[in-house]
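As a plain string of letters, each chain reads:
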Amino acid sequence: MTTTASEASSPTIRPAEDADLLAVFRIEKASFSQPWPFSAFERFVGEPTFLVAVDAGKVVGYVVADLVPNHGRGLGHVKDIAVHPARRGEGIGRTLLQRALSGLQAHGVHSVKLEVRASNEGAISLYRKFGFHYLRTVPRYYGDGEDAIVMVVELD
């Protein structure tokens, strides 16, 4: 079988495993001023929408999403997503988000929410491309006092 250059360099998306956690945590620390603790990721191993992007045997990005109860209907929640700083701009985050949303939809989710720093224009732009829209602002949501924007999308 022959592969093109773009196929050869395209990361594989798969469920996260215990062996991935250190790499995930390193990306988290490189990406956020207030990273999740290592133990937060441990809790989500085995969840169908804790996914990693792997290229050449190395984790280059991840997404953590889950299902939360919401008045009798499941609500999806994208909790965390990041791509290694050296690999940003390659569409890895877009692919991870698409796969997480598809996974949530396969589990009966019709609506998905997320919180994003008000200053994170790149992430907000990505989420808008997936149909997420502004729901509300949560003042001082983050530990450093920055507001969060809550965004939601209805899945078909």
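1. So, helix H4 (residues 92-106)
Item 1. Under the 1.5 Å per step criterion, the end-to-end length of H4 is 21 Å for 15 residues, consistent within 8% with the ideal 21 Å.
Item 2. Looking at the buried side of H4, the elements it contacts are strand S1 (12-15), strand S2 (50-55), strand S3 (58-70), strand S4 (73-83), strand S5 (111-117) and helix H5 (121-129).
Item 3. Phi turns positive, to about 90 degrees, at glycine 108, one or two residues after H4.

2. Some details on the sheet that holds strand S6 (residues 133-138)
Think of a sheet as strands paired side by side through backbone hydrogen bonds, with each pair either parallel or antiparallel.
Item 1. With respect to topology, 7 strands assemble into an open sheet ordered S1-S2-S3-S4-S5-S7-S6, the strand pairing being mixed. Looking at the sheet topology across the chains shown, the edges are occupied by S1 and S6. Each strand axis lies, on average, 25 degrees off the axis of its neighbour in the sheet, ignoring direction.
Item 2. Relative to S4, S3 is paired through 10 bridges, and the arrangement is antiparallel. Following the sheet pairing, tyrosine 62 is matched in S4 by alanine 82.
Item 3. Together, S2, S3 and S4 form the strand contacts of helix H2 (residues 21-31), whose direction differs from that of S3 by roughly 85 degrees.

3. So, the side chain of threonine 49
Item 1. Relative to the assigned elements, threonine 49 resides in the loop between helix H3 (38-42) and S2.
Item 2. Relative accessible area serves as the criterion here: at 4%, threonine 49 is assigned to the buried category.
Item 3. Within the structure, the side chain of threonine 49 is placed 2.6 Å from the backbone oxygen of alanine 65, a separation counted as a polar contact.
Item 4. Leaving out residues up to four positions away in the same chain, threonine 49 has contacts with Val63, Val64, Ala65, Asp66, Ala100, Gly103 and Leu104.

Conventions adopted
Numbers given to residues run from 1 along each chain, matching the order in which its sequence is written. Note on the predicted model: pLDDT of at least 70 is required for a residue's local features to be given, and 80 or more for side-chain atom pairs to be given and counted; whole-chain, interface and lining totals, by contrast, use all residues. Side-chain figures throughout are based on the complete set of non-hydrogen atoms in the structure, without hydrogens or water. Under the DSSP-based scheme used, a helix requires at least four consecutive residues in state H or I and a strand at least two consecutive residues in state E, with every element numbered from the N terminus. One less than the number of residues in a helix, times 1.5 Å, gives the span that helix is expected to have. Residue contacts are counted whenever heavy atoms from the two residues lie within 4.5 Å of one another. The pairing criterion is simple: DSSP has to find at least two bridges between the two strands. Helix axes use the C-alpha atoms of the stretch in contact, all axes being lines fitted to C-alpha atoms, and the angles between their N-to-C directions lie in the range 0 to 180 degrees. A 1.4 Å probe rolled over the protein chains alone gives each residue an accessible area, and that area as a share of the maximum for its type sets the label: buried under 20%, exposed over 50%, partly exposed in between. Pairs of N or O atoms within 3.5 Å make up the polar contacts considered here, provided that, within protein, one atom can donate a hydrogen while the other can accept it, and that residues adjacent in sequence are counted only when both atoms are side-chain atoms.

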